Amino acid sequence: MGTVTRGTTNPNRLRRMDRWIAATHGVELRRADDPVAVDLGYGAAPWTAVELLHRLRTVAPRARVAGVEIEPARVAAAKPYERDGLVFQHGGFEIPVPGPLHLVRAANVLRQYDEAEVSAVWKRLRSRLAPATAASRGGLLVEGTCDEIGRRHVWVALGPEGPRTVTFATRLGSLERPSDLAERLPKALIHRNVPGEPVHAFLRDFDRAWAAAAPYASYGARQRWIRAVRDLAADWPVTDAPGRWRQGEVTVAWGALAPRA
């Protein structure tokens, strides 16, 4: 179920997303008896699935990864890269992997779909996540977009209950202003970057905070980013802390950026 993507991929393209997942969802993966992750729509080469397994196992040594692709030829080409904890399967949004899933990563998959289709896809993928319990928030769906070499990312994190947060992540040396990330907004938000929509207001305020933090540029782009995010957090529900800001990230509650009805 789904449409064949262009399949564009590069080694290390999703490193920022992977590191964020490991840092923020690693505890949940370690708690699981059999932590299963899916790299949905990994593309024409298997690199992102191979790298996801490596990065998850640094925080959850028992993690397993299934790369799922809708194009059979891509699955056949990836089969020689299978190893302990890593398999490749033919499939789409139905995800032909048994059992509840602790992570689904869908990077650059929905870019070619219509905005109206996103909600249904999110709902289908969330239905495959491990449910929340008294001791766990449940599985995690990470869906977003990045550029070809992984310098700029924006992604939405969703739990079984729905969207939770939006994360903006960048190589700071490549950034002129925070609104440069607008071109990498996920499908649910990219067409909403217009006056009157929350995401537009957020990026406007981020640019203003960045401009006001210009004196910190003499200490480096990282210090300027940290100062800008600190100021931004006075008016927007930033959910992470300076430890993540130092990585060129900021995460905001979904409700603050969600499209207007």
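Refer to the structure presented above.
These lines cover the structure that appears in this document, whether it is placed above or below. What you are looking at is a predicted structure, and each value in this text was computed from that prediction instead of being measured. (Residues numbered from 1 in each chain as written. Predicted model: local features only at pLDDT ≥ 70, side-chain atom pairs only at ≥ 80, totals over all residues. Heavy atoms only, no water.)

So, the side chain of Arg-15
Checked against the element boundaries, Arg-15 lands in helix 1 (residues 15–31). The buried charged residue Arg-15 lacks any salt bridge partner; its closest oppositely charged side chain belongs to Asp-147, at an N-O distance of 7.0 Å. At 2.5 Å, the side chain of Arg-15 forms a polar contact with the backbone oxygen of Asn-12. Dropping the residues within four chain positions of it, Arg-15 is found in contact with Arg-55, Ile-149 and Gly-150. (Helix = DSSP H or I, 4+ residues; strand = E, 2+ residues; numbered from the N terminus. Buried < 20%, exposed > 50% of the residue type's maximum accessible area, 1.4 Å probe, protein only. Lys, Arg positive; Asp, Glu negative; His and termini not counted. Salt bridge = Lys/Arg side-chain N within 4 Å of Asp/Glu carboxyl O. Polar contact = N/O pair within 3.5 Å; in protein donor to acceptor, adjacent residues only side chain to side chain. Contact = heavy atoms within 4.5 Å.)

Remarks on unusual backbone geometry
One non-glycine residue, Asn-12, adopts positive backbone phi at about 70°. Checked against the element boundaries, Asn-12 lands in the segment before helix 1. Located in the positive-phi region is Ile-95, a residue other than glycine, with phi close to 50°. Its location among the elements puts Ile-95 in the loop between strand 3 (86–90) and strand 4 (103–107). Exposure remark for Ile-95: the relative accessible area of 1% places this residue in the buried category.

Some details on the environment of Glu-148
Tracing the sequence through the fold places Glu-148 in the loop between strand 5 (140–146) and strand 6 (152–159). Considered as a pair, Glu-148 and Thr-9 are 139 residues apart in the sequence and their alpha carbons are 7.1 Å apart. When sequence neighbours within four positions are dropped, the list of residues in contact with Glu-148 reads Asn-10, Arg-13 and Arg-184.

Description of the packing of aromatic side chains
Throughout the structure, instances matching the rule amount to 10 aromatic pairs. Residues Tyr-42 and Phe-88 carry aromatic rings whose centres are separated by 5.2 Å and whose planes lie at 65° to one another, so their mutual orientation is edge-to-face. Of this pair, Tyr-42 sits in the loop between strand 1 (36–40) and helix 2 (47–57) while Phe-88 is found in strand 3, placing the two residues 46 residues apart along the sequence. Per residue, the accessibility class of Tyr-42 equals that of Phe-88, and both read buried. For the pair Phe-93 and Tyr-113, a centre-to-centre distance of 5.6 Å together with 55° between the ring planes defines the contact as tilted. Taken together, the positions of Phe-93 in the loop between strand 3 and strand 4 and Tyr-113 in the loop between strand 4 and helix 4 (115–126) put the pair 20 residues apart, joining distant regions of the chain. Classification of Tyr-113 as buried rests on a relative accessible area of 8%. The structure contains a cluster of three or more aromatic residues connected by ring pairs, namely Phe-168, Phe-202, Phe-206, Trp-210, Trp-225 and Trp-236. (Phe/Tyr/Trp six-rings, centres within 6.5 Å; stacked < 30°, edge-to-face > 60°.)

Side note on the pairing of strand 8 (residues 249–253)
Counting buried positions along strand 8 yields 4 of 5 residues, so the element is predominantly enclosed. In the sheet, strand 7 (residues 162–170) pairs with strand 8 via 5 bridges, with the strands oriented antiparallel. Bridge pairing links Val-166 to Val-252 in strand 8. (Pairing = 2+ DSSP bridges.)

Regarding the sheet that holds strand 4
Reading across the sheet, the 8 strands line up as 3-2-1-4-5-6-7-8 and stay open at both edges, with mixed pairing between neighbours. Single-partner strands in this sheet number two, and they are strand 3 and strand 8. Neighbour-to-neighbour, the strand axes of this sheet turn through a mean angle of 20°, independent of strand direction. For strand 5 and strand 6, the ladder comprises 6 bridges, and the chain directions are antiparallel. Its bridge partner being in strand 6, Thr-145 is matched across the sheet by Val-154. Those strands touched by helix 1 are strand 4, strand 5, strand 6, strand 7 and strand 8, and its axis lies near 35° from that of strand 6. (Axes fitted to C-alpha atoms, helices over the stretch in contact; angles between N-to-C directions.)

Quick notes on the nonpolar core
With 54 residues, the main nonpolar core has Val-38, Leu-40, Trp-122, Phe-168, Phe-202 and Trp-225 as its most contacted residues. Here Trp-225 is in contact with Phe-168, Thr-170, Leu-172, Leu-175, Leu-181, Phe-206, Trp-210, Trp-245, Gly-248, Glu-249 and Val-250, once residues within four sequence places are set aside. In terms of nonpolar packing, the next biggest core, distinct from the first, is built from 29 residues, Leu-14, Met-17, Ala-60 and Ala-78 among them. (Core = buried A, V, L, I, M, F, W, Y, C linked by side-chain atoms within 4.5 Å.)

As for helix 1
With 17 residues, helix 1 should cover 24 Å at 1.5 Å per step; its first-to-last C-alpha distance of 23 Å lies within 8% of that length. The axis of helix 1 is deflected most strongly, by about 65°, at His-25. Looking at helix 1, one finds that the buried residues are Arg-15, Arg-16, Met-17, Asp-18, Trp-20, Ile-21, Ala-22, His-25, Gly-26, Glu-28 and Leu-29. (Expected span 1.5 Å × (residues − 1). Bend = angle between axes of the 7 residues up to and from the residue.)

Distances and angles like these do not, on their own, reveal function.
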